[in-house]
Amino acid sequence: MTTVEQVYQKHRPEAFEAKRKPSSFEVWSWFFMRISGVLLLFLVLIHLFIMHLVGSGVERVDFAFVARRWDSVGWKTFDWLMLFLALLHGTNGLRIVIDDYLRKPPLRTAVKALLYTLTVVLMIMGTAVIVTFDPTVGA
Amino acid sequence: MAIIAKLIEGLVFILTAGSGVFALYMVVDLLRLRRADPGTAYKGGVGQWSWVAHRITGVGLVAFLFGHIVDTFGVGFGPELYDETIQLYQQWWFKPFEVLLVGATLFHALNGLRIILFDFWPNLALKQKSFAYVEFALFIAAFAPAAFFMMRSAIADSPFI
Ligand code: HEM
């Protein structure tokens with residue numbers, strides 16, 4: 001069995017040349033970007049196709065349209081999985097970008113703290129709106 | 001409700017503009033590095049520009065995703081708020097931005113797939129240029145018809161026709 005770390009080593013030998021091995025967090029982060037990427041490929045392209053191309057596209061989207069879709073657990077699960085993976089993939093991507101451009105520890109830490117806080121808040125908001133959805137609200 | 005809808009639309013606007021500023025910064029930063037380093041590290045080529053495009057589209061997509069989670073949260077407050085907020089996306093002049101979003105996603109998805117293929121089957125990277133050109137061809141093949149059909153409906157709705 002090849003381990004994830006071996007695959008990573010094969011592709012990024014330079015990451016292992018320093019005195020210490022890359023942290024296992026970095027290895028899993030690298031692996032997660034690829035696994036979530038493959039899943040998002042399907043989830044996001046289907047999402048874009050349904051929402052922006054089929055029928056009259058985004059012009060037909062309104063509360064009633066959402067209510068019809070979220071009547072099914074299948075679509076709720078689809079949307080939640082996409083939210084979960086895209087948010088983690090995107091936040092992890094931004095973490096890598098921040099590491100590249102913000103080199104001073106105080107600013108880097110502050111921006112990352114802000115990013116992680118936002119991610120937690122958005123994950124809760126996105127999950128809550130799917131799970132607690134009530135088609136009769138405001139009617 | 002109207003004020004909250006406008007606030008959410010404003011948030012989407014700020015995030016989008018912010019990612020545009022980042023895209024500009026990144027290109028300027030790269031050109032500066034290329035000038036400062038006449039060696040081999042920043043000499044461009046299809047791989048480096050794909051990396052730039054992957055990063056810019058990635059950051060743009062998260063920026064939009066953040067705003068999009070907030071606007072979708074409005075669904076929980078009923079049709080009055082949600083239908084008003086979502087109208088931003090339904091203006092005829094918003095269509096070019098929507099096309100840009102679809103294009104960015106498509107590019108990031110195909111390019112991400114190319115990166116993943118090279119990572120798990122490193123031999124394929126020997127033909128990296130051919131893979132890049134196949135990727136661009138696939139991108140055009142999928143994006144051109146999508147952009148055409150999306151723009152067509154917007155042009156029909158615009159006041160110019
Ligand atoms: C649709 C399918 C997608 C695929 C196949 C994909 C694939 C990838 C891969 C493989 C990476 C790692 C690149 C590297 O390590 O050099 C990456 C980075 C990234 N992705 Fe995605 N991705 C997808 C969707 C998304 C979405 C929806 C978002 C936004 C929420 C996003 C945001 C990012 C960001 C910000 C990065 C970091 C860019 C960088 O480090 O330069 N991606 N993507």
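Residues numbered from 1 in each chain as written. Chains lettered and ligands numbered in written order. Predicted model: local features only at pLDDT ≥ 70, side-chain atom pairs only at ≥ 80, totals over all residues.

J.: A description of the overall build of chain B should follow, citing residues and the corresponding values.
T.: Assigned secondary structure in chain B consists of five helices and zero strands. In sequence order, the secondary structure elements of chain B are arranged as α-α-α-α-α. For 161 residues, the compact-globule formula gives about 15 Å, and the C-alpha radius of gyration of chain B, at 19 Å, lies well above that figure. In terms of its C-alpha atoms, chain B occupies a principal-axis envelope of roughly 55 × 35 × 35 Å. A buried classification covers 22% of the 161 residues belonging to chain B. Once local pairs closer than 6 in sequence are excluded, the contacts in chain B between residues at least 24 apart make up 79%. (Helix = DSSP H or I, 4+ residues; strand = E, 2+ residues; numbered from the N terminus. Rg over C-alpha atoms; globule rule 2.2 N^0.38 Å. Buried ≥ 20, exposed ≤ 12 C-beta atoms within 10 Å, placed from the backbone. Contact = placed C-beta atoms within 7 Å.)

J.: So what's going on with the nonpolar core? Residues and values would help.
T.: Ranked by size, the top nonpolar core spans 20 residues in total, and within it A86 and L87 of chain A together with V59, V62, A63, L65 and F66 of chain B carry the most contacts. Where this core is concerned, the elements lending two or more residues are α2 (24–53) and α4 (73–101) of chain A together with α2 (46–73) and α4 (95–120) of chain B. For this core, the element with the highest residue contribution is α2 of chain B, accounting for nine residues. Here this core gathers at least three residues from each of two domains, domain 1 (1–89) and domain 2 (91–161) of chain B. (Core = buried A, V, L, I, M, F, W, Y, C linked by C-beta atoms within 7 Å. Domains from an automatic or database assignment.)

J.: Any chance you could break down the site of the ligand for me, citing the residues and the numbers?
T.: If you check the shell around the ligand, you find 26 residues, and the closest are G37, G90 and G93 of chain A together with G58 and G112 of chain B. Chains contributing residues near the ligand are chains A and B. Breaking the shell around the ligand down by element, the ones donating at least two residues are α2 and α4 of chain A together with α2 and α4 of chain B. Partitioned by chemical class, the residues of the shell around the ligand number 16 nonpolar, eight polar and two charged. Shared between two domains, the shell around the ligand holds at least three residues of each, these being domain 1 (1–89) and domain 2 (91–161) of chain B. (Near = placed C-beta within 6 Å. Nonpolar A, V, L, I, M, F, W, Y, C, P; charged D, E, K, R; others polar.)

J.: Go over the interface of chain B and chain A with me, naming the residues and quoting the values.
T.: The interface is formed by 35 residues belonging to chain B together with 35 residues belonging to chain A. No other element matches the ten residues that α2 of chain B contributes to the side of chain B that touches chain A. Its residues assigned to classes, the side of chain B that touches chain A shows 22 nonpolar, eight polar and five charged.

J.: Describe in detail the domain arrangement of chain B, supporting the description with residues and values.
T.: A common way to state how big an interface is: give the accessible area lost once the parts meet. Residues and elements named next belong to chain B. Partitioning chain B into domains gives domain 1 (1–89) and domain 2 (91–161). The C-alpha centroid of domain 2 is placed 16 Å from the C-alpha centroid of domain 1. With ten residues, the single largest contributor to the side of domain 1 that touches domain 2 is α2. Partitioned by chemical class, the residues of the side of domain 1 that touches domain 2 number six nonpolar, six polar and no charged.

J.: Lay out α4 of chain B with the relevant residues and their values.
T.: Between its first and last C-alpha, α4 of chain B extends 38 Å over 26 residues, near the 38 Å set by a 1.5 Å rise per residue. By the burial criterion, the buried members of α4 of chain B are K95, E98, V102, T105, L106, F107, H108, A109, N111 and G112 of chain B. Residues of α4 of chain B that are buried in the fold lie against α2 of chain A together with α2, α3 (79–90) and α5 (128–157) of chain B. (Expected span 1.5 Å × (residues − 1).)

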